[in-house]
Each structure stands twice: as C-alpha cells, then as structure tokens.
Amino acid sequence: MKFPEIKDLLVNKFGAEVIEGEETSGRQPALIIKADKIADVCQELRDNENTWFDFLSCLSGIDYGIEENMFGVVYNLASIPHKTQLTLKVRKYHDRNASTLPSFPTVSNVWKTADWHEREAYDLLGLHFEGHPDLRRILLPDDWEGYPLRKDYKVQEYYHGIKVS
Amino acid sequence: MNNSTPTRYEQLIAGARSTEMILNIGPQHPSTHGVLRLEVITDGEIVKEVIPHVGYLHRCFEKHAENLTYQQTIPFTDRMDYLASMNNSHAWVMGVERMLGIDKDIPKRIEYIRVLVCELNRIGSHLIALGTYGIDIGAFTPFLWCFRDREHIMNMLEWASGSRLLYNYIWVGGLFYDLPVGFEERCSEFVDYFKPKMKELNELLTENQIFISRTANVGVLPLDVAISYGCSGPMLRASGLKWDLRRVDEYSAYPELEFDIPSGKGEMGTIGDCWDRFKVRIDEIEQSLRIIEQCLDRLKKDLKRTPDFDPRARLPKKITPKAQDFYLRAESPRGELGYYFITDGKTEIPKRVKARAPSFHNISVISEISRGILIADLIAIIGSIDIVLGELDR
C-alpha cells in the first residue's frame, strides 16, 4: 500500500480528524496523527492485511526546542510481508513545568518492541506513556535527576557525592 | 508521576514466594558478555522470571551527537558496537550521504572497499560470537581458534585504517585512505587459509554431540514473538525468516553481489533454538566469504587502483543537509542497525539523533524465552543472543 492509500484507509476508519498533517517534502513521508488516537491507529496498521506493519523499527522521543515547547514521538514502522516502511508522528504542547510530563498513549501492547523504547523515551526525555506496564528508567540510574535529552537540561552538580559537572 | 499502581517489576519482586530466591547474575560476570545484570527469580535450579537491567555502559551517544558535526560523530558510532565498527560507521555514513543526496555519486571502487571491510568485520564479529559461545557452554578450544583467525582480520583492517578495533575508516563521501598496495592479495590468501579452518571449527563444535545436547531445543524463539519484540539479524533469521536488509534495502554494492540468506531449519531440534542461532552465524561467515571473494575479484580487475584515485576527492567540505527527518537502517552483524536523524537545514549539527541498536531489542526478548528453564540453559541463551553492551547501552 502506498502512502496516499494508507492515509485514505485511516481517514475511512477513524475519520478525517485523526490525521493532523503530513510531511511529504523529505525522502520519507510522514503522517502526523492525533496523539490520543495513536494506539488505535497502530493497532489497525498492524492488523490490517493490506498494510501489515508487524515490525516497529524504531520509536524516538523528540524535544522540538525551547521556543516551541513541543514534545513528540516518532514511530518508524516496517512491514516484513510487504517490504514497506512508514513514519508516524505525534506531538503535544507542554510548558515544561516540573509537576507534569507530556503524556502519550502507549503502543507497547501493539508491539512489544515499544516497551523498552518507551522506557527509554521516559528516561531520557521525560515523556509519560499512559498504560505502560513498566515505566521505569532504563539507561540511567533510578535516582537520576532530570531528563538529559531535553533541550533545557542542566546536569546535576553532585550524584551520590560524586561531582558530575 | 502516577505512583499508585506498581510497575510490572515491582509486582514481580513483591510476588516472589518465600521458597523462591532472587539471584543477581552480573553486572560483573563473564557469561553476561559485558556489564549486563540479570535479576533472576529462581525456584531451586528452575528460572521463574528473568528481569534484565541495562544501562551500565551508557555513554550518552545521542547527547554527544546533538553537539557534534556529522564527521565528528563517526568515531562515536565506532564505539557503539565495538566488535563491528565498520558496519556502524557505514550505516551512519550512508544515512548522511542520502540526506545530502550524494549517495549515487560515490565511486564504485569506494563502495566495494566499504563492503569488503564491512564483511571482513562481520566475520570478525561472528568469530567472537561463536568463540565466546563455546566458552559459555564449556568448550575452551574453539575460543582460541576463533581468536587466532580473527587476529588475521584485525591485522588486515589495521593495515588499511591504522587501528585494530575502532577504525574511523569510512568517511562521508569517501574513505580515510585507499587500500594499501597488496591488500587484495593478502586478503585472498586469508580467504584460502580461512575456509578449511571453518570446516575444522564445524567438526570440533557445531557437530559436537555435547554441544548439540546443550543447545538444541533450548531457548526456542517462535517467529511471531521475535517480530513482536523487534528481534533482527541472526536472531530473526534463526527463527526461520529470510530477512536480510542487505537484500531488502539493496544498499551500497550489495545488489551487484551474489549471496544467500541463511535461516534456521531446526536441523538438530526446533526452529529458533540456540543451535539454530549458532548455525546461522556459521553460515553467514560462509556467505561473507563469498561476498569478499566477489569484491576482491572486482577490485583486482575493473575497479583496480589507479594512480589518480583519491578516496577523499568527494568529501563534502561542509555537511548541512536540508531540513528533514530520515531513518536509515542497515544490516549489522547483530541485526537491524538504524539511525534516525532530524536536521534543521541551517547548521552542521543534527537536531536529534536516535540510534536503534539491534542488541537492545534482541536482549529484551530474554524474559519471554527463559521461563521455566534451568539456570545453565539461561547462560546458553544469553550467549546465543550475542549482545554487545556498547551498542545496547549506547
């Protein structure tokens, strides 16, 4: 299935508002999906035999910059039977206050791959995934402060009495 | 955040019964192949649950990459999977070249040299996987044999690039150096020397009844589980799927080269068991040798070195790809290695880089396939996954 057909399929299934935009200028076209719907969209793309995106290649958390205050997640899907690839994106505005985290639905029940990837995005970018069964830090120590890949990250001065910055 | 519901990890630890023991394997344990820590809930010798803890070797690759230019990051990619540095930097370089749109202008000789060194490195990496797997199971000799043969590869790559393990050889738009004079002949000699050695290794280890008893029917990974967990490379192929990105994506010089994709057949037990994973690596070495022979053939004939050939002639002076997102995947010895770039089109520094490391996915399946097995079999499963912690933790 080509990119426009996948778009039509999603519009027919979930309505036009599920697609917030598309990026077709680069080498790999991407669909921007409404954040609340991403788990349903992924489930449909995986189970529908015409798309059959059974392999989640990569899931990346993104901080789009201090001016925009926008956070997002990018899903790189691959279909083994059809040998196709697709990029999905979700994004959300968040004012960077420390009491809440930008929150997205989890896709770890669609692909098990997403389990560790979402933990990594939580660990390094402070994204929360609703419904994730095991949202803990994965690469950094459990008591690390802050989220290093955020653009406004300042490293703590001491960690357990060890000078780190 | 929401601390009211306990995580799966907390539930597992709290749910361990008083007759069960929680045992830590690693992070400093020879059979975890680096600083991997496995928290194992055991009932006597039976493994109830395995919880992997990773991150002990986290070196902030993605953070570094956000502060360095594309050329400066190449040495960092070398240090991710330190057993297959060439494959790592090849993937990175291809990604940058495609974003710049110069991937079709790379001279054929350079593409063939890249494939040649990558396949040599793939053999070296697989030799470590096979040798150390022998040690995990209790066979010491294959380890020494594998390291003896890998030494020839290390020497050749050192001759070409100047260093033994972390090469920084493949550059955006070209190569560090051309191959040294006489490299092709030396490499042909190695291929002739190495082929019978693989036969010896097969006789000693692959077809050894003790080895088969320890690995066949152990750690069976069904194909649907492998795909759901994102396993790739020899892990996925051993489960019976012929999926190789060198064929699927047809990158670099691979479309012009002949090779087969080995896959697990369950010859000694079930499809997707530890023995199949081992055998797929053995078969891949043979296929890599085939690729090397074809590369050498062309590098000696129509792509012969000429006095005016300069591998640095097409290096771009300034690398500023236009604003875009790009995900590139390539087949490293451990599986699908991916780089996801976000560029803003203004600076020489990427806005965000994410590395998709194959070991990261391959190890995540371990708790799924090691329930109800013996602790000794757990060691056999870890070894058969062939993880490199450097790329797992990045």
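Keep in mind that what you see is a predicted model, and the values were worked out from it rather than measured.

Undergrad: I keep staring at the UniProt feature "domain: NADH-quinone oxidoreductase subunit D" (unreviewed entry) in chain B and nothing clicks. Help me out?
TA: Following the UniProt record, the feature "domain: NADH-quinone oxidoreductase subunit D" (unreviewed entry) maps to residues 136-394 of chain B here. From the first C-alpha to the last, residues 136-394 of chain B spans 24 Å; its make-up is 47% helix and 10% strand.

Undergrad: Hey, could you run me through the UniProt feature "domain: NADH:ubiquinone oxidoreductase 30kDa subunit" (unreviewed entry) in chain A in this one?
TA: Here the UniProt-annotated "domain: NADH:ubiquinone oxidoreductase 30kDa subunit" (unreviewed entry) positions come out as residues 32-158 of chain A. Secondary structure across residues 32-158 of chain A divides into 18% helix and 30% strand, with the first and last C-alpha atoms of the span separated by 40 Å.

Undergrad: Any chance you could explain the packing of helix α5 (residues 108-137) of chain B against helix α12 (residues 274-300) of chain B here in plain terms?
TA: The axes of two packed helices give the description: the angle between them and the distance between them. Residue and element names in this part refer to chain B. At a minimum axis separation of 9 Å, α5 and α12 run at an interaxial angle of 155 degrees. In terms of axis orientation, α5 runs roughly antiparallel to α12. Crossing hand, α5 versus α12: left-handed. Only F278, R281, I282, E284, I285, S288, I291, I292, C295, R298 and L299 of α12 make contact with α5, whose side of the interface consists of Y112, V115, L116, E119, L120, R122, I123, H126, A129, L130 and Y133. Grouping the constituent residues of the contact of α5 with α12 by class yields 15 nonpolar, two polar and five charged.

Undergrad: What am I meant to see in the nonpolar core here?
TA: Grouped burial of nonpolar side chains is what soluble globular proteins tend to show. Residues V73 of chain A together with L116, V117 and I381 of chain B are the most contacted members of the largest nonpolar core, which totals 145 residues. A per-element tally of this core places α5 of chain B first, with 14 residues. If we ignore the near neighbours within four places in the chain, the residues touching L116 of chain B are I292, C295 and L299 of chain B.

Undergrad: Sorry if this is basic, but what is going on with the pairing of strand β5 (residues 84-93) of chain A here?
TA: Two faces, one strand: in a regular strand the side chains alternate between the faces of the sheet. All names here are of chain A. Where strand β2 (residues 30-33) lies against β5, three bridges are found, and the strand directions are parallel. What sits directly across from L31, in β5, is L88. Looking at chain direction, strand β4 (residues 70-79) and β5 are connected through 10 bridges and run antiparallel. Looking at the pairing, G72 lines up with R91 of β5. Following β4, the chain reverses through four residues before pairing antiparallel with β5; K83 in that reversal takes a positive phi of roughly 55 degrees.

Undergrad: Which parts of the structure should I look at to understand the sheet that holds β4 of chain A?
TA: Working definition: the strands of a sheet are paired by backbone hydrogen bonds and lie parallel or antiparallel to each other. Residue and element names in this part refer to chain A. Pairing in this open sheet of five strands is mixed, and the strands run β1-β2-β5-β4-β3 from one edge to the other. Single-partner strands in this sheet number two, and they are β1 (19-23) and β3 (55-63). The mean angle between the axes of side-by-side strands here comes to 20 degrees, regardless of whether they run parallel or antiparallel. Against the sheet, helix α3 (residues 113-125) makes contact with β3 and β4, and its axis sits at roughly 10 degrees relative to β3, the strand it touches most.

Conventions and cut-offs
Residues numbered from 1 in each chain as written. Chains lettered and ligands numbered in written order. Predicted model: local features only at pLDDT ≥ 70, side-chain atom pairs only at ≥ 80, totals over all residues. UniProt positions renumbered as here; feature names shortened; annotations may be inferred. Helix = DSSP H or I, 4+ residues; strand = E, 2+ residues; numbered from the N terminus. Axes fitted to C-alpha atoms, helices over the stretch in contact; angles between N-to-C directions. Parallel < 35°, antiparallel > 145°, perpendicular 65-115°, else oblique. Left-handed = near helix turned anticlockwise from the far one by under 90°. Contact = placed C-beta atoms within 7 Å. Nonpolar A, V, L, I, M, F, W, Y, C, P; charged D, E, K, R; others polar. Core = buried A, V, L, I, M, F, W, Y, C linked by C-beta atoms within 7 Å. Buried ≥ 20, exposed ≤ 12 C-beta atoms within 10 Å, placed from the backbone. Pairing = 2+ DSSP bridges.

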